[in-house]
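Working through the structure, step by step
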Amino acid sequence: MLGSDISWNESRKILALVLCIWPGTILIVICRIAGLVLLVCGVLNLIFGLRNGGRNINGMQTIVGIILCVVGIWILAAPASFIKLIPIVIGVVLIYHGIRDIYICIRIKRADHKWWIGLITAVVSAVLGVVLIRCAFLAMEIGMIVLGIFLIYDGISGLWLMRRTGKRGPIDVDYEEL
């Protein structure tokens, strides 16, 4: 069992290293795989929906199939545009929360003497939202690099732990029925 744990840790370190070296390429590959899965699901929904004459589950299976096929083809054809949507949506949410929090801070200004801390965090949220929208693809690449670094750390710490427990030998217990 220890050997398989070590090989799993080695595999995670390799994956993490690949994520750090080629984050953009990995994102595009992941998107293409997701696009292919959506396209296959869409085709299957179309087949089952048309086979039943469009009369199944509120007649939505054919419509869902068409939508899945269109989205799958779009992701396969232009994965970078799909990748850009993820940080843009998060950016819009951050801007919304930032503006809402600025409004709240202005309203509680007289009631709380530390209102300015909330104002600073609200402005930072809004600015981060703008940065995510303006630099969407870069934000995703940086995110993949950070994910890779986390996986490298996880692999090293897991390997260290496995080697430490391997020195003590396996834990042997006797099964006793109650």
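Here's a quick rundown of the structure. (Residues numbered from 1 in each chain as written. Predicted model: local features only at pLDDT ≥ 70, side-chain atom pairs only at ≥ 80, totals over all residues. Heavy atoms only, no water.)

Focus: the nonpolar core
- Counting eight residues, the largest nonpolar core consists of L19, I26, L27, C31, I75, I83, M140 and M144.
- Of all elements in the fold, only α2 (23–51) and α6 (136–168) reach the threshold of two or more residues within this core.
- When neighbours within four sequence positions are excluded, C31 is seen to be in contact with I75, P79, F82 and I83. (Core = buried A, V, L, I, M, F, W, Y, C linked by side-chain atoms within 4.5 Å. Buried < 20%, exposed > 50% of the residue type's maximum accessible area, 1.4 Å probe, protein only. Helix = DSSP H or I, 4+ residues; strand = E, 2+ residues; numbered from the N terminus. Contact = heavy atoms within 4.5 Å.)

Here's the deal with the packing of helix α4 (residues 79–107) against helix α5 (residues 115–134)
- Relative orientation of the contacting elements α4 and α5 amounts to 155°, with a least axis distance of 7 Å. In terms of axis orientation, α4 runs roughly antiparallel to α5. You can see that α4 and α5 cross each other, and the crossing is left-handed. Across the interface between the two elements, P87, I88, I90, G91, V92, L94, I95, G98, D101, I102 and C105 from α4 touch W115, G118, L119, A122, V123, S125, A126, L128, G129, V130, L132 and I133 from α5.
- Broken down by class, the residue content of the contact of α4 with α5 amounts to 17 nonpolar, five polar and one charged. (Axes fitted to C-alpha atoms, helices over the stretch in contact; angles between N-to-C directions. Parallel < 35°, antiparallel > 145°, perpendicular 65-115°, else oblique. Left-handed = near helix turned anticlockwise from the far one by under 90°. Nonpolar A, V, L, I, M, F, W, Y, C, P; charged D, E, K, R; others polar.)

Re α4
- Helix length check: α4 (29 residues) gives 43 Å between terminal C-alpha atoms against 42 Å at 1.5 Å per residue, within 8%.
- Residues P79, I83, P87, G91, G98 and C105 constitute the buried set of α4. (Expected span 1.5 Å × (residues − 1).)

Side note on the environment of I95
- When you line up the elements, I95 lands in helix α4.
- In contact with I95, other than residues within four places in its own chain, are S125, A126, G129, V130 and I133.

Some words on the environment of I75
- Here I75 shows up in helix α3 (residues 61–77).
- The spatial distance from the C-alpha of I75 to the C-alpha of L39 is 9.3 Å, given a sequence separation of 36 residues.
- Once residues within four sequence positions are removed from consideration, I75 is found in contact with C31, G35, L38 and F82.

Some details on a nonpolar patch on the surface
- Together, L36, V40, V43, L44, I47 and F48 line one region of the surface with nonpolar side chains, adding up to about 490 Å² of accessible area.
- Structurally, V43 is set in helix α2. (Patch = residues over 30% accessible without salt bridge, like charges linked within 9 Å, V, L, I, M, F, W, Y side chains within 5 Å. Areas by Shrake-Rupley, 256 points an atom, 1.4 Å probe, with all protein chains shown as cover. Salt bridge = Lys/Arg side-chain N within 4 Å of Asp/Glu carboxyl O.)

By themselves these figures say nothing about function.
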